[in-house]
Amino acid sequence: MRRAEIERKTKETNISLTLDLDGGDYTVETDCGFFNHMLELFGAHSGFGLEVKCKGDTQVDFHHTVEDVGIVLGQAFSKAIGDKRGINRYADVVIPMDESLILCAVDISGRGVLNYQLNIPSAKVYDGDAVEKQKAVGLFDTELIEEFFLSFVREAKITLHIVQLYGKNTHHIIECAFKAVARALKTAVAVTGNAIPSSKGIL
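Residues numbered from 1 in each chain as written. Predicted model: local features only at pLDDT ≥ 70, side-chain atom pairs only at ≥ 80, totals over all residues. Heavy atoms only, no water.

(A) Representation of the overall build of the protein in the model. Counting its regular elements, the protein contains 5 helices and 10 strands. Taking 17 Å as the expected radius of gyration for a compact globule of 203 residues, we find that the protein reaches 16 Å, a close match to that expectation. C-alpha extents for the protein along the principal axes are approximately 55 × 40 × 25 Å. Expressed as a percentage of contacts within the protein between residues at least 6 apart in sequence, the contacts between residues at least 24 apart total 76%. Counting every atom, the protein has about 9,300 Å² of accessible surface; 47% of that belongs to carbon and sulfur. (Helix = DSSP H or I, 4+ residues; strand = E, 2+ residues; numbered from the N terminus. Rg over C-alpha atoms; globule rule 2.2 N^0.38 Å. Contact = heavy atoms within 4.5 Å. Areas by Shrake-Rupley, 256 points an atom, 1.4 Å probe, with all protein chains shown as cover.)

(B) Geometry of the sheet that holds strand β1 (residues 3-9). Sheet architecture is open: 4 strands sit in the order β1-β2-β4-β3, paired in mixed fashion. Each edge of the open sheet is held by one strand with a lone partner, namely β1 and β3 (26-29). Pairwise comparison of adjacent strand axes, ignoring direction, gives a mean angle of 5 degrees for this sheet. As paired strands, β3 and strand β4 (residues 49-56) are joined by 4 bridges and run parallel to one another. (Pairing = 2+ DSSP bridges. Axes fitted to C-alpha atoms, helices over the stretch in contact; angles between N-to-C directions.)

(C) Helix α4 (residues 144-156), seen in detail. For α4, with 13 residues, the first-to-last C-alpha span of 18 Å sits near the 18 Å given by 1.5 Å per residue. All buried positions along α4 are accounted for by L144, I145, F148, F149, S151, F152, V153 and A156. On its buried face, α4 sits against α1 (33-46), α2 (63-81), β7 (113-117), β9 (139-141), β10 (159-166) and α5 (170-188). Phi turns positive one or two residues past the end of α4, at K157, with a value near 60 degrees. (Expected span 1.5 Å × (residues − 1). Buried < 20%, exposed > 50% of the residue type's maximum accessible area, 1.4 Å probe, protein only.)

(D) View of unusual backbone geometry. One non-glycine residue, D98, lies in the positive phi region at around 50 degrees. Take D98: it is sitting in the loop between β5 (90-97) and β6 (100-107). For D98, a relative accessible area of 63% corresponds to the exposed category. Located in the positive-phi region is K157, a residue other than glycine, with phi close to 60 degrees. Within the fold, K157 resides in the loop between α4 and β10.

(E) Representation of the sheet that holds β7 in the model. The 4 strands lie next to each other as β5-β6-β10-β7, forming an open sheet whose pairing is mixed. The open sheet has two edge strands, β5 and β7, and neither has a second partner. Across the sheet, the mean angle separating the axes of adjacent strands is 10 degrees when strand polarity is ignored. Pairing of β5 with β6, which is carried by 8 bridges, proceeds in the antiparallel orientation. Bridge assignment links D92 to a residue of β6, and that residue is A105. Set on the sheet, α4 makes contact with β7 and β10; between it and β7 the angle comes to about 160 degrees. Along the sheet, α5 contacts β5, β6 and β10; its crossing angle with β5, the most-contacted strand, is approximately 150 degrees.

(F) Spatial organisation of the nonpolar core. Ranked by size, the top nonpolar core spans 63 residues in total, and within it F77, F140, I158 and L185 carry the most contacts. No other element matches α5, which puts 11 residues into this core. Discounting residues that sit within four places of it in the chain, I158 has contacts with F77, V106, D107, I108, S109, R111, G112, V113, F152, V153 and L185. (Core = buried A, V, L, I, M, F, W, Y, C linked by side-chain atoms within 4.5 Å.)

(G) Representation of the state of the cysteines. Evaluation of the coordinates by the stated rule reveals 0 disulfides. We note that C54 lacks a disulfide partner, and the nearest cysteine sulfur, in C32, lies 9.9 Å from it. Under the relative-accessibility criterion, C54 is labelled buried at 4%. Just so you know, C104 is unpaired, no disulfide at all, and the nearest cysteine sulfur is the one on C176, 10 Å from it. In this structure C104 comes out as buried when scored by relative accessible area, which is 0%. (Disulfide = S-S within 2.5 Å.)

Note that all results are geometric; they support no functional claim without further evidence.
Take a look at the structure:
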């Protein structure tokens, strides 16, 4: 069973997360509607079972929520993948969404490295849930996307390249990136043999 459950509570966030690399439903509950949508896309396109519940200090902003969910998702991934025996290890995809085109390559390497090359035109993107709940901040800082993926790769101990080949619309670029990462990870974690995929015998 390549499955992990993680709970993490700080003064800024309270998170419970379950990840199953071999499939399942996905549900996401944070106080950020846009972030919920991105994580739901991640669950849908990876095929992973994913349950995320996060209460954070969104009266300040969304930074702690996004960063800490990235940390916990990475911890769950590292735990669930185990010794990495039999996995593909590598994967790459090019994913379009309307005018946007994103390349993603991943190596389940045991080393946390992020090459993030998204040229997002807007500093903010609309967050409907925050406005409806009358939160102090109704707009999502797009710079938090890099923070999320950086937190994730550090804890997951993977090498991840996200490269924007084209794109003009902020929402499309970010959504395309999440789909691309999900698709690449789906292929990289697929079990196709019995050996550790490294000449060192360990990852």
